[in-house]
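What follows is each chain in one-letter form.
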Amino acid sequence: MSPVSHLDDVGTALLRAADHLLATEGPASLTVRRIATDAGVSTMNVYSRFGGKDGVVEQLFIHGFHLLAQYMNEVATTDDPLADLRGCGQAYRRFATEHETFYAVMFERVVADYVPTEPALAIAKHTLELLAARLDRAMDAGLVRRMDPIHAAAIVWSTCHGAVSLQLKHVADEPVDWSAVFTDATEAVVRGLAP
C-alpha cells in the first residue's frame, strides 16, 4: 500500500483512534473493528481509506517520520554547526517524549506483524538524511572528521535512540536524570567524531 497523500476528517479520526488504542491498550487492540468503533465510523471506512489495519499502522509510521522531520527542521541553522547538530538531537528527544506511540511504531516495531513498505522506508530515510546534512556541514567546517554523512548520522542517531528508548521503557531502578544522560551521551559522540 502506498502512502495516503491527504487525509479527510474521517481518515484523521481513524488515525487518532489507532494512536489512542496503541497508547492505552497496546498493539493487540489494533483491529479494524476497534479502530472504526473508537473513531465512531463503520469498518468500511478503514478499508476504503487505508486498505485495512496494516495501512493504518503504515500511516502512523509515515506521519511519525513527517513529524520528526518537522521537529528537526525547526532547529535553526546558525553559524555554529555543532550547536545546530546538538539542537537536532534535542529535537529528536523532544519528538520521542511528546509522541511515544508514533516513536514506538517507527523504531520499536510495537506492531510486530507490520512491515513498512518501500515508500514508507524512503520517507524514514529522508529524515536520516536531514541529520546527515547537518553532519556534512560540520565536516565542511572541520568540526567533524570526514566520513560518509549517512554513516555519521547513523552513529549519532543510534546514540539518541538508545538513550531515548531506555527513558521511555523506564529501565533503571534508580532515579535517572534522562535529560542529562541524553545530553552527556550525545556530547560524547560529538566529541568522538571530532577530527
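The written sequence of each chain sets the order in which its residues are numbered from 1. In view of the model being predicted, local features appear only for residues whose pLDDT reaches at least 70, and side-chain atom pairs are presented and counted only at 80 or more, with totals across whole chains, interfaces and linings using the full set of residues. Side-chain metrics in this entry use all non-hydrogen atoms of the structure; hydrogen atoms and water are not considered.

Colleague: So what's going on with the overall build of the protein? Residues and values would help.
Modeller: Helix and strand labels come from DSSP, where a helix needs a run of H or I of at least four residues and a strand needs a run of E of at least two; each type is numbered from the N terminus. Secondary structure summary: the protein contains nine helices and zero strands in total. Its C-alpha atoms give the protein principal-axis dimensions of about 60 × 40 × 25 Å. Only protein chains enter the area calculation, which uses a 1.4 Å probe; residues under 20% of their type maximum are buried, those over 50% are exposed, and those in between are partly exposed. The proportion of buried residues among the 195 residues of the protein is 45%. Working rule for contacts: check all heavy atoms of both residues, and any pair within 4.5 Å makes them a contact. Expressed as a percentage of contacts within the protein between residues at least 6 apart in sequence, the contacts between residues at least 24 apart total 69%. The protein chains shown are the only cover counted for residues, whose accessible areas, like all others here, come from Shrake-Rupley with a 1.4 Å probe. Here the protein has roughly 9800 Å² of accessible surface; of this, 55% comes from carbon and sulfur atoms. Taken together, the 16 basic and 25 acidic charged side chains of the protein have centroids lying 2 Å from each other. His is not counted, nor are the chain ends, whereas Lys and Arg count as positive and Asp and Glu as negative. For charged residues, the charge sits on one atom: NZ in Lys, CZ in Arg, CG in Asp, CD in Glu.

Colleague: Residues and numbers for helix α9 (residues 178-192), please.
Modeller: Its 15 residues give α9 an end-to-end C-alpha distance of 21 Å, which sits within 8% of 21 Å, the value for a rise of 1.5 Å per residue. For α9, the full list of buried residues reads W178, F182, T186, V189 and V190. Looking down the long axis of α9, one finds its buried residues gathered within 105 degrees of arc, a one-sided arrangement. Exposed side chains of α9 directed beyond 90 degrees from the buried face belong to D184 and R191. Multiplying one less than the number of residues by 1.5 Å gives the expected span of a helix. Comment: arc refers to directions from the helix axis out to C-beta atoms.

Colleague: I'd like a rundown of the packing of aromatic side chains, residues and numbers included.
Modeller: When we look at a pair of aromatic rings, we describe it by the centre distance and by the angle of the planes. Two rings from Phe, Tyr or Trp (for Trp, the six-membered ring) form a pair when their centres are within 6.5 Å of each other. A pair whose planes differ by under 30 degrees is stacked, one over 60 is edge-to-face, and the rest are tilted. For the structure shown, the criterion picks out nine aromatic pairs. Judged by centre distance (5.4 Å) and plane angle (70 degrees), the ring pair of F65 and F107 falls under edge-to-face. Taken as a pair, F65 in helix α4 (residues 53-73) and F107 in helix α6 (residues 100-107) lie far apart in primary sequence, 42 residues in all. On the basis of relative accessible area, F107 is assigned to the partly exposed category, the value being 22%. Taken together, the ring pairs connect F61, F65, Y92, Y103, F107, Y114 and W157 into an aromatic cluster.

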